[in-house]
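# Chain and residue survey
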Amino acid sequence: MTITFITGANKGLGRETARRLIECGHTVLVGARNREQGEEAAAALGARYVPIDVTDDASVAAAAANVAEHEGRIDVLINNAGVHGPVGDPSDLTAADARAVLDVNVIGVVRTTTAFLPLLRRSDDPVIVNVSSGMGSLALTHDPGRPESHVVAPLYTSSKAALTMLTTQYAKGLKGIRVSAADPGYTATDLNGHSGPQTVTEGTDAIVALATEEPGAGTGRFVSRHGEIAWS
């Protein structure tokens, strides 16, 4: 049985990913900061709730210890938790704004990955999926034909650019672990006020594909529901 831990799994893309992976036969651990929402999601989906705040070292360590005690390992880690931050004119951005976004979208991934690596290394086929975005692609955000080029979200885009680079470095440095990034695409979630044209099911296609690939599928990839994306 494949054991999968998902951060930010109480709603949106994380919850839909959990639902779909349970349908695929995975044992899913719903990681979420909000206990009430996390417990509700886990009960509704048939998963187990594990409290985790990816911005807090002690919380992340406690989550890893919780999983070590109950499951003993994980096979797939999905770093899904994310925040958007300010949109539009960047004139009034503050250091606090930047810290708040980067602490979840980048540093939170580092915290969680480091804490869960011992559990992943107990798997026969360990996989990490980082939920990134085409909004972090230099190519896509400079292509006037792409929706990514029409949005000004300085901190979100910067954090996702950093996350995709972090993914490539993990892929090179973590021997025996497949590490790739998923671009959900413009999906209707709380993150964008449900303005995206894709459903959450469509938005999770790439995440689910990376989480369910056969051993040897490759590492260091950036994948959307339409196929691989160039690292740029």
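Structure first, text after, so check above.
Since we're looking at a predicted model, the values are computed, not measured.

Quick notes on the rules
- Note on numbering: residues in each chain are counted from 1, in written sequence order.
- Residue-level local features of this predicted model are given only where pLDDT is at least 70; pairs of side-chain atoms are given and counted only at 80 or more, and the full residue set underlies all totals for whole chains, interfaces and linings.
- Calculated side-chain values reflect all of the structure's heavy atoms, with hydrogen atoms and water omitted.
- For the purposes of this entry, the term helix denotes a DSSP run of H or I that reaches at least four residues, the term strand denotes a run of E that reaches at least two, and both are numbered from the N terminus.
- As defined in this context, the radius of gyration uses C-alpha atoms, and a globule is described by 2.2 Å times the residue total to the power 0.38.
- For the exposure calls, accessible area comes from a 1.4 Å probe over protein chains only, and a residue counts as buried if that area is under 20% of its type's maximum, exposed if over 50%, partly exposed in between.
- To define a nonpolar core, start from buried Ala, Val, Leu, Ile, Met, Phe, Trp, Tyr and Cys residues and group those joined through side-chain atoms within 4.5 Å.
- We call two residues contacting when some pair of their heavy atoms lies within 4.5 Å.
- N or O atoms closer than or at 3.5 Å make up a polar contact, with two conditions inside protein: a donor-capable atom paired with an acceptor-capable one, and, for residues adjacent in sequence, both atoms drawn from side chains.
- Charge convention: Lys and Arg are scored as positive, Asp and Glu as negative, and His as well as the terminal groups of each chain are ignored.
- We define a salt bridge as a side-chain nitrogen of Lys or Arg found within 4 Å of a carboxyl oxygen belonging to Asp or Glu.
- Comment: arc refers to directions from the helix axis out to C-beta atoms.
- For two strands to be treated as a pair, DSSP must find no fewer than two bridges joining them.

## Section: the overall build of the protein
Broken down by element type, the protein carries nine helices and eight strands. For the protein, the C-alpha radius of gyration of 16 Å lies close to 17 Å, the compact-globule estimate for 232 residues. When its C-alpha atoms are laid out on the principal axes, the protein stretches across 45 × 35 × 30 Å. The burial tally for the protein puts 49% of its 232 residues in the buried class.

## Observations regarding the nonpolar core
Within the largest apolar cluster, 26 residues are counted, with the highest numbers of intra-cluster contacts made by Phe5, Val67, Ile74, Phe116 and Ile128. Of all the elements, helix 5 (residues 107–120) adds the most residues to this core, at five residues. Apart from residues lying up to four places away in sequence, Val67 is in contact with Phe5, Leu29, Arg48, Val50, Gly72, Arg73, Ile74, Phe116 and Leu119. Among the nonpolar cores identified, the runner-up in size contains 23 residues, and Ala18, Val30, Ala32 and Val208 belong to it.

## Some points on the side chain of Ser123
Within the secondary structure, Ser123 sits in the loop between helix 5 and strand 5 (127–131). Judged by relative accessible area, which is 10%, Ser123 ranks as buried. Reaching out from Ser123, the side chain makes a polar contact with the side chain of Asp75 at a distance of 2.6 Å.

## Some thoughts on the side chain of Asp183
With respect to the element layout, Asp183 can be found in strand 6 (residues 178–183). No salt bridge is formed by the buried Asp183. Its closest oppositely charged neighbour is Arg146, at 4.8 Å. A distance of 3.0 Å separates the side chain of Asp183 from the backbone nitrogen of Gly134, its partner in a polar contact. Look past the residues within four positions of Asp183 in its chain and what remains in contact with it is Ser132, Ser133, Gly134, Ala206, Phe222, Val223, Ser224, Arg225 and Ile229.

## Section: helix 2 (residues 35–45)
Along helix 2, the residues classified as buried are Gly38, Ala41, Ala42 and Leu45. An end-on view of helix 2 places all buried positions within 95° of arc, on one side of the element. Residues of helix 2 that are exposed and point over 90 degrees away from its buried face: Glu36, Ala43 and Ala44. Among the structural elements, helix 1 (12–23), strand 2 (27–32) and strand 3 (48–51) are those in contact with the buried residues of helix 2. N-capping of helix 2 is provided by Asn34, with a side-chain oxygen placed 3.1 Å from the backbone N of Glu36. Directly beyond the C-terminal end of helix 2, a positive phi value near 85° is found at Gly46.

## Comments concerning the pairing of strand 4 (residues 76–79)
Neither face of strand 4 is left uncovered, since the one carrying Val76 and Ile78 and the one carrying Leu77 and Asn79 both have all their residues buried. Looking at chain direction, strand 4 and strand 5 are connected through four bridges and run parallel. Looking at strand 5, one finds that Val76 is bridged to Val127.

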